[in-house]
Amino acid sequence: MGTVIAAYFIAWAAVSAYVGRLVVFSRRLTRRMNDLQSREHEHSVMNAR
Amino acid sequence: MRDHTRLAVLVPCLLPAAMALIFWVAPTEATMGEVQKILYLHVSVAWCGLAGCLGMGACGAMYLARRRTAWDHVAQASAEIGWLCSTLTLVTGSLWAHEAWGVWWTWEPRLTSSFVLWLIYAGIFLVRAGIDDPHRRARTGALLSVMAVCDVPLVVVATRWFRGVHPVTPDMDPRMRAVLLATVAGFTGFFVMLTLLRCRQLRAADRVAELEADLDVDYGFSGERA
Amino acid sequence: MSAGHALKSFSWLVAKDLAEEARGRRVWPGMLLLGLVLVLLLGVQTELPIAHKPQVVSASLWLAVFFAGTLALDRSFAGEREEGCWRALLLYPLPPAVIFLAKVVVNCLALGLLECVLIPTFAVVSDTPFLRRPFSLAMVASLGNLGFAAVGVLVSSLTAGLSHRGSLLALLLLPLATPVMLASAEATRLLVLDDVGEQWWRWVQMLAAFVVLFMTMGLLVFEFAIED
């Protein structure tokens, strides 16, 4: 039974690690996206003047 | 972009349901006892690993034909998930082999071809990571994926001629078969959802890279590396 | 493009590569030497029981041949790219399929030369009767070379511009070429055991199937591989 639990645990750990990596990357992307969009806004405001 | 939130919430619920089925509903097998329950996990991830390879190859072919980056995103996402599943197949298979056959590894046809598939996936990732230009990366990845898809059936055939036959599913208790199908469906749905989410993320990364280029800023997103 | 023109271009390309190698002698000597080093490493094992020997030795032979062969494949495109001749070659009115075929043939010749040196050496070093049936062995070797060269040229064209070219080529090529190696090793083992029956034909058919598959694929997708 230990082997079965080990197998399922390893699968869960691997998938969670991958999903965790996706989540971290998403957060980074969102931060950068917001930052860039505010810069873009600044640029267009300055160009409009 | 379609909103996958409902899917993202519903699909993962399939997995605990599958677990419940495996451990409470499926009967224990006579010869191997509890260890046989690895079967449900092993078959599911093995199937997903193969499906990932097929998806990667098909999307690669579509990219070469149409040259739309969306196809490359799906190919890359399929490759990542497929590789993850392939790794899990080898690990769970090895654990099961140790219990059932007494050895961690043997050069059975299925094991050999699974290992070859894993190596091909790893090679494709390494090559993609080494190319900066996104179009060249996509094209190289697509070509290698197409070659991989053509090659894997040949490896299966060759190794089947070479050595005996991997234990094919024997007659199963109908309840076991039902649980197996349910688990495979559950895992497939879960990994398909993950692939879609990863695609969306790759599209967003591309969009960020475009914005960077427009604003002449470099945050290091230009070209998402595998 | 007429068939005559294609044939002329093909022979010109093959002659060009062979002439370059004959004059520069950059790749083939290194490849032969690597093959011999591998023979040494693989052959210096302790004595094997007679029962297992044909299998182990056949597999070792083909491993040595194909691993040394990756050196030749690695340099197929690298030489032209380094000298800037690649662009010139692409500007000629040649169909990509002709370039592919020419490269495959040149690499087949390189592998053939390697086998001419390694097979007798292996036969002597491991005391195995490889040359019992020379024509059958030549057939197996030719098919194996064609298959390996076809997939090798494709992969080499993809990795040509990259930094860790050599290691990536071996990493990608050897798993993809597993059916060739398996089939060649098995067919050779049966030849050593003098068992040229139905089993042996199956392996030869397997090799032929692989050759057809990868040559077809190469002819179809090579233009995508070499575009910039």
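Quantities reported herein were computed from a predicted structural model and do not represent experimental measurements.

J.: I keep staring at the overall build of chain A and nothing clicks. Help me out?
T.: Across its full length, chain A holds one helix and zero strands. The C-alpha extent of chain A, read off along each of the three principal axes, is 70 × 5 × 5 Å. Residue burial in chain A is summarised as follows: out of 49 residues, 12% are buried.

J.: Can you walk me through the overall build of chain C in this structure?
T.: Across its full length, chain C holds nine helices and zero strands. Across chain C, helices and strands are ordered from the amino to the carboxyl terminus as α-α-α-α-α-α-α-α-α. Since a compact globule built from 228 residues should have a radius of gyration of about 17 Å, the 18 Å found for chain C is in line with a globular shape. Taken along its principal axes, the extent of the C-alpha atoms in chain C is 55 × 35 × 30 Å. Burial analysis of chain C (228 residues in total) assigns 43% to the buried set. Put simply, of all contacts in chain C between residues at least 6 apart along the chain, 84% involve residues at least 24 apart.

J.: I'm lost on helix α2 (residues 28-43) of chain C in this one. Help?
T.: Helical periodicity: at 3.6 residues per turn, an α-helix aligns residues three or four positions apart in one direction. All names here are of chain C. Under the 1.5 Å per step criterion, the end-to-end length of α2 is 22 Å for 16 residues, consistent within 8% with the ideal 22 Å. For α2, the set of buried residues is M31, G35 and V39. Buried residues of α2, viewed axially, fall in a sector of 85 degrees; they line one side. Away from its buried face, by an angle of more than 90 degrees, α2 presents the exposed residues P29, V37, L40 and L41. As for α2, its buried residues are in contact with α3 (53-83) and α5 (96-126).

J.: Help me out: how do you make sense of the nonpolar core in this one?
T.: Nonpolar side chains tend to gather and get buried jointly when the protein is soluble and globular. Residues and elements named next belong to chain C. By size, the foremost hydrophobic cluster in this structure holds 125 residues, and its most contacted members are V65, A150, V151, L154, A177 and L207. Considering every element that reaches this core, the biggest residue donor is α5, with 15 residues. Beyond its immediate sequence surroundings of up to four residues, A177 is in contact with F66, F148 and V151.

J.: It is not clear to me how the packing of helix α2 (residues 38-66) of chain B against helix α3 (residues 69-100) of chain B should be interpreted in this structure. Could you clarify?
T.: Two quantities define a packed helix pair, namely the angle between the axes and the distance from one axis to the other. Residues and elements named next belong to chain B. Between α2 and α3, the least distance of the axes is 7 Å, while the angle of their chain directions is 155 degrees. Judged by the inter-axis angle, α2 sits roughly antiparallel to α3. By crossing handedness, the relation of α2 to α3 is classed as left-handed. Tallied by class, the residues present in the contact of α2 with α3 amount to 19 nonpolar, eleven polar and two charged.

J.: Help me out: how do you make sense of unusual backbone geometry in this one?
T.: Of all residues except glycine, most have a negative phi; of all peptide bonds, most are trans. Residues and elements named next belong to chain C. The residue R25 is not glycine, and still its phi comes out positive at about 50 degrees. Inspection of the secondary structure assignment puts R25 in the loop between α1 (3-24) and α2. The class of R25 is exposed, set by 10 C-beta atoms lying within 10 Å. Phi is positive for D194, which is not a glycine, with a value near 60 degrees. Within the secondary structure layout, D194 lies in the loop between α8 (178-192) and α9 (198-226).

J.: Can you walk me through the interface of chain C and chain B in this structure?
T.: You'll often see interface size given as the accessible area lost when the parts meet. Opposite the 24 residues of chain C that make contact, chain B presents 23 residues. Going through the elements one at a time, α6 (134-159), α7 (165-176), α8 and α9 of chain C are the ones with two or more residues in the side of chain C that touches chain B. If you tally residues by element for the side of chain C that touches chain B, the top one is α9(C), at eight residues. For the side of chain C that touches chain B, the residue count by class is 18 nonpolar, four polar and two charged.

J.: Hey, could you run me through the packing of helix α1 (residues 2-48) of chain A against helix α6 (residues 174-215) of chain B in this one?
T.: Close contact between α1(A) and α6(B) brings their axes to 10 Å; oriented N to C, the two are set at 30 degrees. The angle between α1(A) and α6(B) places the two elements in the roughly parallel class. Between α1(A) and α6(B) the crossing geometry is left-handed. On the side of α1(A), the interface is formed by L22(A), F25(A), S26(A), L29(A), R32(A), M33(A), L36(A), R39(A), E40(A) and H43(A), while α6(B) contributes L197(B), R198(B), Q201(B), A204(B), A205(B), V208(B), L211(B), E212(B) and L215(B). Residues that form the contact of α1(A) with α6(B) fall into these classes: eleven nonpolar, three polar and five charged.

J.: What exactly am I supposed to notice about the environment of D195(C) here?
T.: Residues and elements named next belong to chain C. Mapped onto the fold, D195 is located in the loop between α8 and α9. With 12 C-beta atoms counted inside 10 Å, the residue D195 sits in the exposed group. Setting aside anything within four residues of it in sequence, one finds D195 in contact with L190 and W200.

J.: Would you explain α9(C) in this entry?
T.: Residue and element names in this part refer to chain C. Compared with an ideal rise of 1.5 Å per residue, which puts 29 residues at 42 Å, α9 spans 41 Å between its outermost C-alpha atoms and is within 8% of the ideal. The sharpest bend along α9 comes to roughly 45 degrees, located at L220. Among the residues of α9, those classed as buried are W200, W203, M206, L207, F210, V211, F214, G218, V221, F222 and A225.

J.: Would you explain the environment of S44(B) in this entry?
T.: All names here are of chain B. When you line up the elements, S44 lands in helix α2. Classification of S44 as buried rests on a count of 27 C-beta atoms within 10 Å. Distance in space between the C-alpha atoms of S44 and L181 is 8.7 Å, their sequence separation being 137 residues. Here S44 is in contact with T183, V184 and F187, once residues within four sequence places are set aside.

Rules used in this analysis
Residues numbered from 1 in each chain as written. Chains lettered and ligands numbered in written order. Predicted model: local features only at pLDDT ≥ 70, side-chain atom pairs only at ≥ 80, totals over all residues. Helix = DSSP H or I, 4+ residues; strand = E, 2+ residues; numbered from the N terminus. Buried ≥ 20, exposed ≤ 12 C-beta atoms within 10 Å, placed from the backbone. Rg over C-alpha atoms; globule rule 2.2 N^0.38 Å. Contact = placed C-beta atoms within 7 Å. Expected span 1.5 Å × (residues − 1). Arc of directions from axis to C-beta. Core = buried A, V, L, I, M, F, W, Y, C linked by C-beta atoms within 7 Å. Axes fitted to C-alpha atoms, helices over the stretch in contact; angles between N-to-C directions. Parallel < 35°, antiparallel > 145°, perpendicular 65-115°, else oblique. Left-handed = near helix turned anticlockwise from the far one by under 90°. Nonpolar A, V, L, I, M, F, W, Y, C, P; charged D, E, K, R; others polar. Bend = angle between axes of the 7 residues up to and from the residue.

The values are spatial; any link to function lies outside them.
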